[in-house]
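So the chains spell out like this:
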Amino acid sequence: MENKHLQEISEIRRMMEQSSRFLSLSGMSGIFVGLIALAGATAAFFYLDYHQRYFNAMQFYQELGSGNYKLTALFLLADGIVMIAAALFAAWYFTSRKAKKMKLPLWDNTAKRLLKSLFIPLAVGGVFVLILLYHQLIYLAAPVTLIFYGMALLNASKYTYNDLQVLAFAEIILGLIAAFFVGYGLVFWAVGFGIFHILYGIMMYFKYER
């Protein structure tokens, strides 16, 4: 009888968790988002010939922010758009696949709250980065994006797995470190959006999906 009650309590807790938390986030989506970010950072690295300017990075950022590199700006914009589109598709594909496997709704009130909590800090951070670019402070773009992204993940973590807080704090701390080494923004971007996502995705996959 006691085991039956424990099973009933466990089932009630599981149902409550499913109704209040978005549990369809896939570790595979994190891995692929990280790989896409690394691909985009690598493309930018070679296009900018970044390794040749690595030890004079501040001068490079000043040149890039001077308005004399319109083609470079267009390339970076296109590179970013392609990365974001590919990352969103990967996240949608693997998340929807996991939702079907777990027989959970992909789009419900919890998913709406999750996206709202995620995208409000991201939108504010995006506008702030545009302001930095307007003032030709391009070298601050990397730390600011990492910090705001980490805050967005932290804000959204209350509607999904608590493990997301690990990635959130890692991004925030990395962004703060990047603020001291502003000449290496592309490297910090690759670590934060690439390597950290891959490690987080592997952890989530083996913990919840294997």
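Residues numbered from 1 in each chain as written. Predicted model: local features only at pLDDT ≥ 70, side-chain atom pairs only at ≥ 80, totals over all residues. Heavy atoms only, no water.

### A look at the overall build of the chain
Where we set the bar: Helical segments are the DSSP runs of H or I of at least four residues, strand segments are the runs of E of at least two, and each set is numbered from the N terminus. A 1.4 Å probe rolled over the protein chains alone gives each residue an accessible area, and that area as a share of the maximum for its type sets the label: buried under 20%, exposed over 50%, partly exposed in between. What makes two residues a contact is simply this: any of their non-hydrogen atoms within 4.5 Å.
The helix and strand inventory of the chain stands at nine helices and zero strands. Counted from the first residue to the last, the chain has its helices and strands arranged as α-α-α-α-α-α-α-α-α. A burial count over the chain gives 39% of its 210 residues as buried. Considering only contacts within the chain whose residues lie at least 6 apart along the sequence, 78% involve residues at least 24 apart.

### Considerations on the packing of helix α7 (residues 141-156) against helix α8 (residues 164-178)
This is how the line gets drawn: Each axis is a line fitted through C-alpha atoms, taken for helices only over the stretch in contact, and angles between the N-to-C directions span 0 to 180 degrees. Angle categories: roughly parallel below 35 degrees, roughly antiparallel above 145, roughly perpendicular from 65 to 115, and oblique for all the rest. Left-handed is the label given to a crossing in which the near helix is rotated counterclockwise from the far helix by less than a right angle, and right-handed is the label when the rotation is clockwise. For this classification, the nonpolar set comprises Ala, Val, Leu, Ile, Met, Phe, Trp, Tyr, Cys and Pro, the charged set comprises Asp, Glu, Lys and Arg, and every other residue, Gly included, is treated as polar.
It is the contact of α7 with α8, at a shortest axis distance of 7 Å, that shows an interaxial angle of 160°. As far as their axial angle goes, α8 and α7 are roughly antiparallel. Considering only the axes of α7 and α8, their crossing is left-handed. Taken together, the residues of α8 that come into contact with α7 (itself represented by Pro143, Leu146, Ile147, Tyr149, Gly150, Met151, Leu153, Leu154 and Ala156) are Leu164, Gln165, Leu167, Ala168, Phe169, Glu171, Ile172, Leu174, Gly175, Leu176 and Ala178. The residue inventory of the contact of α7 with α8, partitioned by class, reads 16 nonpolar, three polar and one charged.

### Comments concerning the packing of aromatic side chains
The cut-off we apply is this: Whether two aromatic rings pair depends on their centres lying within 6.5 Å, for rings of Phe, Tyr and Trp, where Trp uses its six-membered ring; planes under 30 degrees apart make the pair stacked, over 60 edge-to-face, and the rest tilted.
Counting across every chain of the model gives eight aromatic pairs. Arranged with centres 5.9 Å apart and planes meeting at 40°, the rings of Phe89 and Trp92 form a pair that is tilted. Highlighted residues: Phe89 and Trp92, both in helix α5 (residues 70-102), separated by three residues, approximately one helical turn. A relative accessible area of 53% means that Phe89 is categorised as exposed. Considering the side-chain rings of Tyr205 and Phe206, the 5.5 Å spacing of their centres and the 85° angle between planes classify their relative orientation as edge-to-face.

### A few points about the packing of α7 against helix α9 (residues 185-209)
One can describe the packing of α7 onto α9 by two numbers: an axis separation of 8 Å at closest approach and a directional angle of 25°. On the basis of their axis angle, the class for α7 and α9 is roughly parallel. Across from Ala141, Ala142, Thr145, Leu146 and Tyr149 in α7, the residues of α9 making contact are Gly185, Phe188, Trp189, Gly192, Phe193 and His197. Residues that form the contact of α7 with α9 fall into these classes: seven nonpolar, four polar and no charged.

### Digging into the confidence of the model for the chain
A low pLDDT means the predicted coordinates there should not be read in detail. For the record, the criterion: For every residue, the pLDDT score states the predictor's confidence, bounded by 0 at the bottom and 100 at the top.
Averaged over all residues, the pLDDT of the chain is 78; the fraction at 70 or higher stands at 76%. No element of the chain has a lower mean pLDDT than helix α1 (residues 2-20), at 47, and none a higher one than α8, at 95. Here residues 8-20 is modelled with pLDDT under 50, and outside its nearest four sequence neighbours on either side it reaches seven contacts, counting other chains as well.

### Examining the nonpolar core
For clarity, the threshold we go by: Among buried residues, those of type Ala, Val, Leu, Ile, Met, Phe, Trp, Tyr and Cys that are joined through side-chain atoms within 4.5 Å constitute a nonpolar core.
Membership of the largest hydrophobic core comes to 13 residues, with the highest contact counts inside it found for Leu118, Leu153, Leu164, Leu167 and Tyr200. When contributions to this core are tallied by element, the ones reaching two or more residues are α6 (109-134), α7, α8 and α9. Per-element tally for this core: the top contributor is α7, with four residues.

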